[in-house]
Amino acid sequence: MQIVMFLVPLMLILVALGIVLFSWAVKNGQYDDLEGPAHRILYDDDKDMIPDEARTDKPADTPGTAQQSDDREETGTGEEKAKKE
């Protein structure tokens, strides 16, 4: 019974010391993510900034898409048509 009277206060002191050390580590940035930003740059999260013509993740041309691109070429001014030819 005498050992319990010694171990309980010792356990409480160790738990308090662990809490203090953990809070110190959190405040000083010991648990900040150091590898996450380095790996995150490898992921392409700016798909909305990539032009439609340069995208590789779009499906194959649908029948309406080719017709639209032909229409755009024909609707230029006379100078643009002369430059193309």
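Computed from a predicted model, the values in this text were never measured in an experiment.

Before going further, it helps to spend a moment on the overall build of the protein chain. Within the protein chain, the regular secondary structure consists of 4 helices and 0 strands. Moving toward the C terminus, one meets the helices and strands of the protein chain in the order α-α-α-α. The buried share of the protein chain, taken over its 85 residues, is 2%. Here the protein chain has roughly 8300 Å² of accessible surface; of this, 61% comes from carbon and sulfur atoms.

To continue, consider the packing of aromatic side chains. The final tally for this structure, using the stated rule, is 1 aromatic pair. Arranged with centres 5.6 Å apart and planes meeting at 50°, the rings of Phe 22 and Tyr 31 form a pair that is tilted. On the basis of relative accessible area, Phe 22 is assigned to the partly exposed category, the value being 48%.

Turning our attention to helix 1 (residues 2-27). Look at helix 1: 39 Å from first C-alpha to last across 26 residues, which is about the 38 Å you get at 1.5 Å a residue. One or two residues past the end of helix 1 sits Gly 29, with phi positive at roughly 80°.

Rules used throughout
Residues numbered from 1 in each chain as written. Predicted model: local features only at pLDDT ≥ 70, side-chain atom pairs only at ≥ 80, totals over all residues. Heavy atoms only, no water. Helix = DSSP H or I, 4+ residues; strand = E, 2+ residues; numbered from the N terminus. Buried < 20%, exposed > 50% of the residue type's maximum accessible area, 1.4 Å probe, protein only. Areas by Shrake-Rupley, 256 points an atom, 1.4 Å probe, with all protein chains shown as cover. Phe/Tyr/Trp six-rings, centres within 6.5 Å; stacked < 30°, edge-to-face > 60°. Expected span 1.5 Å × (residues − 1).

Geometric values such as these leave the question of function open.
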